[in-house]
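# Observations on the model geometry
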Amino acid sequence: QVQLVESGGGLVQAGGSLRLSCVASGRLHSINSMAWYRQAPGKQRELVAAIRSGGSTDYADSMKGRFIISRDNAKNTAFLQMNSLKPEDTAVYYCNAEKLFRDGTVYQYWGQGTQVTVSS
């Protein structure tokens, strides 16, 4: 129903910046929120930031002040601006979209993931 295509990952030096994008296509109605997650080797996938349908946002404490999630509704695109990157930010970053239906059913959709590598 929903396809998510990510771009913007790559290799940067510590202190640098990257801007990730996630373009959604398909049936886009009923999407409650979009979010960015990341997963480093040997660690669980963790929430980086989320933006809800009403525009409110949530950030992991370690990301707040460095990362900014935003959206362009006209282009069906979510962004993650990543500043002051650290080697600890190295991970595969995934775009996520959530649909909540009237009967309470929740569906999660995931992008393919994009590698972000931060060198010291």
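Located above this text is the structure these notes cover.
Residues numbered from 1 in each chain as written. Predicted model: local features only at pLDDT ≥ 70, side-chain atom pairs only at ≥ 80, totals over all residues. Heavy atoms only, no water.

## Some words on the environment of Glu-88
In plain terms, the rule: Helix and strand labels come from DSSP, where a helix needs a run of H or I of at least four residues and a strand needs a run of E of at least two; each type is numbered from the N terminus. The classification of residues rests on relative accessible area computed with a 1.4 Å probe and restricted to protein chains. Under 20% of the type maximum is buried, over 50% is exposed, and intermediate values are partly exposed.
Within the secondary structure, Glu-88 is located in the loop between β8 (77-82) and β9 (91-100). Residue Glu-88 is classed as exposed on the basis of its relative accessible area, which comes to 56%. Taking the C-alpha atoms as reference points, Glu-88 and Ser-119, separated by 31 residues in sequence, lie 9.4 Å from one another.

## Quick look at the state of the cysteines
The term disulfide refers to a covalent linkage connecting the sulfur atoms of a pair of cysteines. Cut-off, in case you're wondering: Two cysteine sulfur atoms form a disulfide, by the criterion used here, when they sit within 2.5 Å.
Inspection of the entire model under this criterion finds 1 disulfide. Shown here is the disulfide that connects Cys-22 with Cys-95, its sulfur atoms set 2.1 Å apart. With the S-S dihedral at roughly -85 degrees, the linkage between Cys-22 and Cys-95 falls on the left-handed side. Of this pair, Cys-22 sits in strand β3 (residues 18-26) while Cys-95 sits in strand β9, and the two are 73 residues apart along the sequence. Cys-95 sits in the buried class, given a relative accessible area of 1%.

## Some details on the sheet that holds strand β1 (residues 2-7)
Rule in force here: Being paired, for any two strands, means DSSP has found at least two bridges between them. Every angle, taken between N-to-C directions, lies between 0 and 180 degrees, and every axis is a line fitted to C-alpha atoms, over only the stretch in contact when it is a helix.
The 4 strands are arranged β1-β3-β8-β7 in an open sheet whose pairing can be described as antiparallel. A strand with exactly one partner marks an edge of an open sheet, and here the two such strands are β1 and β7 (67-72). Within the sheet, the average angular offset between the axes of one strand and its neighbour, ignoring direction, is 20 degrees. In this sheet, β8 lies alongside β3 in antiparallel orientation, the contact comprising 6 bridges. Within β8, the residue paired with Cys-22 across the bridge is Ala-78.

## Some remarks on the pairing of β1
Of the two faces of β1, only the one carrying Val-2, Leu-4 and Glu-6 is buried; Gln-3, Val-5 and Ser-7 on the other face are not. Sheet topology places β1 next to β3; 6 bridges connect them, and they run antiparallel. When the bridges of β3 are listed, Gln-3 appears paired with Ser-25.

## Section: the side chain of Ser-33
This is how it is decided: Whether two residues are in contact is decided by their heavy atoms: any pair within 4.5 Å suffices.
Structurally, Ser-33 is set in strand β4 (residues 31-39). In this view, Ser-33 contacts Ile-51, Arg-52, Asn-96, Ala-97 and Glu-98; residues no more than four positions away in its chain are not counted.

## What about the packing of aromatic side chains?
Using the following cut-off: Note on ring pairs: Phe, Tyr and Trp rings are taken, using the six-membered ring of Trp, and paired if centres are within 6.5 Å. Classes follow the plane angle, with under 30 degrees stacked, over 60 edge-to-face and the rest tilted.
In total, this model carries 3 aromatic pairs according to the counting rule given. Measuring from centroid to centroid gives 5.1 Å for Tyr-37 and Trp-110, while their planes differ by 65 degrees, and the two rings are edge-to-face. Pair noted here: Tyr-37 is in strand β4 and Trp-110 is in strand β10 (residues 106-110), with a separation of 73 residues, a long-range link. The class of Trp-110 is partly exposed, set by a relative accessible area of 36%. Taken together, a centroid distance of 5.5 Å and an interplanar angle of 90 degrees make the contact between Phe-101 and Tyr-107 edge-to-face. Ring pairs connect the aromatic residues Tyr-37, Tyr-94 and Trp-110, which therefore count as one cluster.

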